[in-house]
Amino acid sequence: MAFEPPERLVRALGETYGDALAGPWLDRLPAVAEESAARRELTVDRVQAPGGRSSLVALVHRPDGSPAALKVAPSFARPDLERAALAHWNGWGAAQLMEDGAPDDALLLERLHPEVSLRSLPEAKALLEAAGTVRRLWVEPPGGHAFETVAERTERQSVPMRTPQDAELAPLVAAALAARDELAANTPELLLLHGNFRQSKVLSGERAPWLTVGPEPLVGERAYDLARLVRDRVEDLIAAPSGPSAARRRVKKLADSLDVDADRLHGWTLFRAVESGLRARTAGRHGDAELLLEFAGWL
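Throughout what follows, the structure given in this document is the object of discussion. (Residues numbered from 1 in each chain as written. Predicted model: local features only at pLDDT ≥ 70, side-chain atom pairs only at ≥ 80, totals over all residues. Heavy atoms only, no water.)

1. Notes on the sheet that holds strand S3 (residues 67-72)
Here is step 1: Reading across from one edge, S1-S2-S3-S4 is the order of the four strands in this open sheet, with antiparallel pairing throughout. With one partner strand each, in any of the chains shown, strand S1 (43-47) and strand S4 (107-110) form the two edges of the open sheet. Each strand of the sheet is rotated relative to its neighbour by a mean of 35 degrees, with strand direction disregarded.
Here is step 2: Pairing of S1 with strand S2 (residues 56-61), which is carried by four bridges, proceeds in the antiparallel orientation. (Pairing = 2+ DSSP bridges. Helix = DSSP H or I, 4+ residues; strand = E, 2+ residues; numbered from the N terminus. Axes fitted to C-alpha atoms, helices over the stretch in contact; angles between N-to-C directions.)

2. A look at the pattern of salt bridges
Here is step 1: Taken as a whole, this structure holds 25 salt bridges when the rule is applied.
Here is step 2: Across the salt bridge formed by Glu 221 and Arg 264, the nearest N and O atoms sit 2.7 Å from each other. In this pair, Glu 221 sits in the loop between strand S10 (218-220) and helix H7 (222-230) while Arg 264 sits in helix H10 (residues 262-282), placing the two residues 43 residues apart along the sequence. One exposure class covers both Glu 221 and Arg 264, and it is buried.
Here is step 3: A salt bridge links Lys 252 to Asp 256; its shortest N-O distance comes to 2.8 Å. Here Asp 256 and Lys 252 lie together in helix H9 (residues 243-257), a separation of four residues that amounts to about one turn. Of the two residues examined, Lys 252 and Asp 256, each falls in the exposed class.
Here is step 4: One network of salt bridges, with partners in common, ties together Arg 39, Arg 40, Glu 99 and Asp 104. (Salt bridge = Lys/Arg side-chain N within 4 Å of Asp/Glu carboxyl O. Buried < 20%, exposed > 50% of the residue type's maximum accessible area, 1.4 Å probe, protein only.)

3. A short note on H7
Here is step 1: Counting buried positions along H7 gives nine out of nine residues, so the element sits mostly inside the fold.
Here is step 2: Arg 222, Ala 223, Tyr 224, Asp 225, Leu 226, Ala 227, Arg 228, Leu 229 and Val 230 are the residues of H7 that are buried.

4. Considering the environment of Pro 103
Here is step 1: Within the secondary structure layout, Pro 103 lies in the loop between helix H3 (79-89) and S4.
Here is step 2: Measuring from C-alpha to C-alpha, the distance between Pro 103 and Gly 144 comes to 22 Å, with 41 residues separating the pair along the chain.
Here is step 3: Beyond its immediate chain neighbours, meaning those up to four positions away, Pro 103 contacts Arg 39 and Arg 40. (Contact = heavy atoms within 4.5 Å.)

5. Side note on unusual backbone geometry
Here is step 1: Between Ala 49 and the following residue, Pro 50, the backbone shows a cis peptide bond with an omega angle of 5 degrees.
Here is step 2: Of note, Pro 50 is situated in the loop between S1 and S2.
Here is step 3: The backbone of Glu 41 sits at a positive phi, close to 60 degrees, despite the residue not being glycine.
Here is step 4: If you trace the backbone, Glu 41 turns up in the loop between helix H2 (19-39) and S1.
Here is step 5: Residue Glu 41 is classed as exposed on the basis of its relative accessible area, which comes to 58%.
Here is step 6: Although it is not a glycine, Arg 233 sits at a positive phi angle of roughly 55 degrees.
Here is step 7: Structurally, Arg 233 is set in the loop between H7 and helix H8 (234-239).

6. Some points on the nonpolar core
Here is step 1: One finds Met 161, Leu 226, Leu 265, Trp 268, Leu 270, Val 274 and Phe 295 to be the most contacted residues of the largest nonpolar core, which totals 51 residues.
Here is step 2: Secondary-structure elements contributing two or more residues to this core are helix H4 (123-137), helix H6 (170-184), strand S7 (191-193), H7, H8, H9, H10 and helix H11 (286-298).
Here is step 3: When residues in this core are grouped by element, the largest group, seven residues, is from H10.
Here is step 4: Setting aside chain neighbours within four positions, we find Leu 265 in contact with Ala 223, Leu 226, Ala 227, Val 230, Val 251, Leu 254, Ala 255 and Val 260.
Here is step 5: In this structure, Leu 13, Leu 26, Ala 33 and Leu 70 belong to the second largest nonpolar core, which totals 19 residues. (Core = buried A, V, L, I, M, F, W, Y, C linked by side-chain atoms within 4.5 Å.)

7. Quick word on the packing of H9 against H10
Here is step 1: As a packed pair, H9 and H10 sit with axes 9 Å apart at the nearest point and diverge in direction by 130 degrees. Between H9 and H10, the angle falls in the class oblique. For H9 against H10, the interelement crossing comes out right-handed. Across the interface between the two elements, Val 251, Leu 254 and Ala 255 from H9 touch Ala 262, Leu 265 and His 266 from H10. (Parallel < 35°, antiparallel > 145°, perpendicular 65-115°, else oblique. Left-handed = near helix turned anticlockwise from the far one by under 90°.)

8. Details of the sheet that holds S10
Here is step 1: Strand order in the open sheet formed by three strands is S6-S10-S7, with mixed pairing between adjacent strands. At either end of the open sheet lies a strand with only one pairing partner, and these are strand S6 (148-149) and S7.
Here is step 2: Taken together, the two bridges between S6 and S10 define a ladder with parallel strand orientation. Directly across from Thr 149, in S10, lies its bridge partner Val 219.

Rendered as structure tokens:
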């Protein structure tokens, strides 16, 4: 079977890591995926499309006939850290690793239902289920781990934000950076976090109703992990007349339901929305950038 990378993967890897790094790996990907499947004696059903933004995911069957998913990611996307986080969670709130060790960068995972995520539920129900799922992931990190801290990741992300901005955006960017600097200087807890948690990262499963996939793990405070969830379905918020007040209510509701400081959640939500919006703008995704920056302005 041909392991051709979905278009979204090609576009996202180039945007995140640059074509000079992503291009050669994408050229090798069909052969790498084929070797990973053959090494595990897997029968490949199909490549999941549109798939992820940093990996190719194939739905497969193991030699004993049981279903699984094979995830193939470049080493520069740090699949080793994803493996370490999933092993530490050991299926608690997240997809289960299906092998103890790995001879390569691929991950063999419990197969979930990729077509059914929390985004298929009404918004209120989706947020409730999301809160119940993400709280399971917030545990003490393993000893001797290699995960970034929230302060380290956001410092790296803030570097391009500190270059001169358009006069219209400058106050918003300055507010986001000020919030980040204040929050990162005083971290109240160091827990293992998903790192990119949102409704589309929570899929229906057989072992449990909802399980998380696609972590970009790091350690830090829970408020950071909730910040991406706050802006889920941002296009619906923007389209609604009550969008600004609804966004602020969502911050308070999530903070209250998970016992997180609302001011810290507000600050991280602002920073993450502005950072994502500027990154989208740089990549030429102007529609996404406009939505994200308008949302950030409401905060």
